[in-house]
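Residue-level structure breakdown
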Amino acid sequence: AAADQNAPPEATKAFASALAARRESILDAMVQVAEPAIKGLEPDWAAKLLDSFATEVGGEAEEAGLFLRELDHILRQVVLAEGQLHGWHDVVSALRRHALPCFGHTDPETLRRAEDIWGQARVLIGEAVRRALGHETVLRTRQTQALRQISRALVTTFDVAELADVLARDLPQLGIECCYLSLYENPLNPTEQSRLILAFNAEGRIALTSSEPSFPSEQLAPLDLAGLHGSGKPCNLVLEPLHFRNEQIGFVLFGVGPRDGTIYEVLRGQISSSLKGALLFDETRKAQADAEKADRLKMRLLANVSHELRTPLNVIIGCTREALNVPAPYGADLPEELLNDLVHIHQSAEHQLRVINDLLDL
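To start, this report covers the structure provided alongside it. (Residues numbered from 1 in each chain as written. Predicted model: local features only at pLDDT ≥ 70, side-chain atom pairs only at ≥ 80, totals over all residues. Heavy atoms only, no water.)

**Considerations on the overall build of the protein chain**
Put simply, the rule reads: Every helix listed is a DSSP run of H or I at least four residues long, and every strand listed is a run of E at least two residues long, numbered separately from the N terminus. Radius of gyration means the value over C-alpha atoms here, while the globule rule gives 2.2 Å times the residue count to the 0.38 power. The cut-offs for exposure are 20% and 50% of the maximum accessible area for each residue type, with area from a 1.4 Å probe on protein chains only; residues under the lower value are buried, those over the upper are exposed, and the others partly exposed. Contacts: residue pairs with any heavy atoms within 4.5 Å of one another. Areas reported here follow the Shrake-Rupley algorithm with a probe of radius 1.4 Å; residue values treat only the protein chains shown as occluding. In this tally, Asp and Glu contribute negative charge and Lys and Arg positive charge; neither His nor the terminal groups of the chain are included. Positions of charges follow a simple convention, taking NZ of Lys, CZ of Arg, CG of Asp or CD of Glu.
Summing up its helical and strand segments, the protein chain has 10 helices and 6 strands in all. The C-alpha atoms of the protein chain give 43 Å as radius of gyration, which overshoots the globular expectation for 362 residues (21 Å, by more than 25%). Seen through its principal axes, the protein chain has C-alpha atoms that stretch 160 × 35 × 35 Å. By the burial criterion, 36% of the 362 residues in the protein chain qualify as buried. Contacts in the protein chain between residues at least 24 apart in sequence constitute 62% of all its contacts with a sequence separation of at least 6. Of the accessible surface of the protein chain, which amounts to about 21,200 Å², a share of 55% is contributed by carbon and sulfur atoms. A gap of 5 Å separates the mean positions of the 35 positive and 51 negative side-chain charges of the protein chain.

Here it is, written out as structure tokens:
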């Protein structure tokens, strides 16, 4: 912040004319040092700041505070545009370094007023930096809370459709205004085809049908990203792979919201784990449904088989019992050999019926 003590010849001129003579060099110096910190500002910001400084230093008492108000307005614009505030100390230093020779050696009161303004400007910048840091801390706390809420919701989700609902509902709380989630059609060959299961942007959620066609994985989405984004303007996206250990699941595209990259990595891990759990749960439900269906078919089959197997045996047992218990069942005495055969048939039929009953019970 040291100023050049070797004053040029114009240092002895009046302040206003000397400042006007050095105006372009001062503006160039201010713009050059502020290059990383002028995000979101109008092109004439340096001219407005220099003019307010010149007016306040060379003006009347009613102009007091003009330069600081203009600087405060600029700093607020930088904060809203998520620019850097620390570099504005360099802007004040450049203004002081190049404007100091304009005061000459015969105007101590004007120089003292300028030094006060520069000192106040540095205090103002320091306060703005502290406010920005405090605001960033609040935002990070809110992001952490929102991330925990999403994590809790995902941990208790065992359905792919419900998982998509959770992301569409909660991701905007993190400042992520668009998201496109896709699953590989064939996890063993993920580069072939993928299917989009979630899409939303700043305008809302995009309706998808169960018959949504798949798309080549290398395209990242079934439609062009500008169309999906809704605004028609280019957008920045973060691509994260979804996998569980070595098993490939799919990928997700996040619209850039928070500048902290760890947020997207944490989301990637949570979504991957939840998707794996949901897919396993789906497999379990399908297996259970298949088992229940097989059980119903088995019961229907057993009911039919039971009738078809038992009925002939019951007829055989009934006929042989009647022939053995009724004297002369056919109007004549039966030969001994035939009676023995009937006894054998009756016993065999009863034995076969017991075997069938045991088998069907099993």
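**A look at the pattern of salt bridges**
What counts, and what does not: A carboxyl oxygen of Asp or Glu within 4 Å of a side-chain nitrogen of Lys or Arg is what we treat as a salt bridge.
One pass over the full model with this rule turns up 16 salt bridges. In this structure, Arg131 engages Asp72 in a salt bridge whose closest nitrogen and oxygen atoms are separated by 3.9 Å. Note that Arg131 is positioned in helix H6 (residues 108-155) and Asp72 in helix H4 (residues 66-80), a separation of 59 residues in sequence. Among the salt bridges present, the one from Glu265 reaches Arg268, with a minimum N-O distance of 3.1 Å. You can see Glu265 and its partner Arg268 sitting in helix H9 (residues 261-325), 3 residues apart, about one turn around the helix. Put simply, Glu42, Asp44 and Lys48 are held in one network by salt bridges that share partners.

**Quick word on the environment of Val57**
Mapped onto the secondary structure, Val57 falls in helix H3 (residues 45-58). Sequence separation between Val57 and Thr311 is 254 residues; the distance between their C-alpha atoms is 117 Å. Val57 has contacts with Phe15, Phe103, Thr110, Arg113, Ala114 and Ile117, leaving out every residue within four places of it along the chain.

**Concerning unusual backbone geometry**
At Leu220, a residue that is not glycine, the phi angle is positive and equals roughly 70 degrees. Structurally, Leu220 can be placed in the loop between strand E4 (215-216) and helix H8 (225-229). Look at Leu220 and you get partly exposed, because its relative accessible area is 25%. Phi angles above zero are rare outside glycine, and Arg245 is one such case at about 55 degrees. Inspection of the secondary structure puts Arg245 in the loop between strand E5 (237-244) and strand E6 (247-255). Overall, the relative accessible area of 72% leaves Arg245 in the exposed class.

**What about the nonpolar core?**
So the rule is basically this: Residue types Ala, Val, Leu, Ile, Met, Phe, Trp, Tyr and Cys, when buried and joined through side-chain atoms within 4.5 Å, form a set referred to as a nonpolar core.
If you look at the biggest cluster of nonpolar residues, it comprises 38 residues, and the most contacted ones within it are Trp45, Phe53 and Trp88. Counting residues per element, the ones that place at least two in this core are helix H1 (15-21), helix H2 (23-33), H3, H4, helix H5 (88-99) and H6. Ranked by residue count, the leading element in this core is H6, at 8 residues. In this structure, Ala153, Leu167, Ala168 and Phe200 belong to the second largest nonpolar core, which totals 29 residues.

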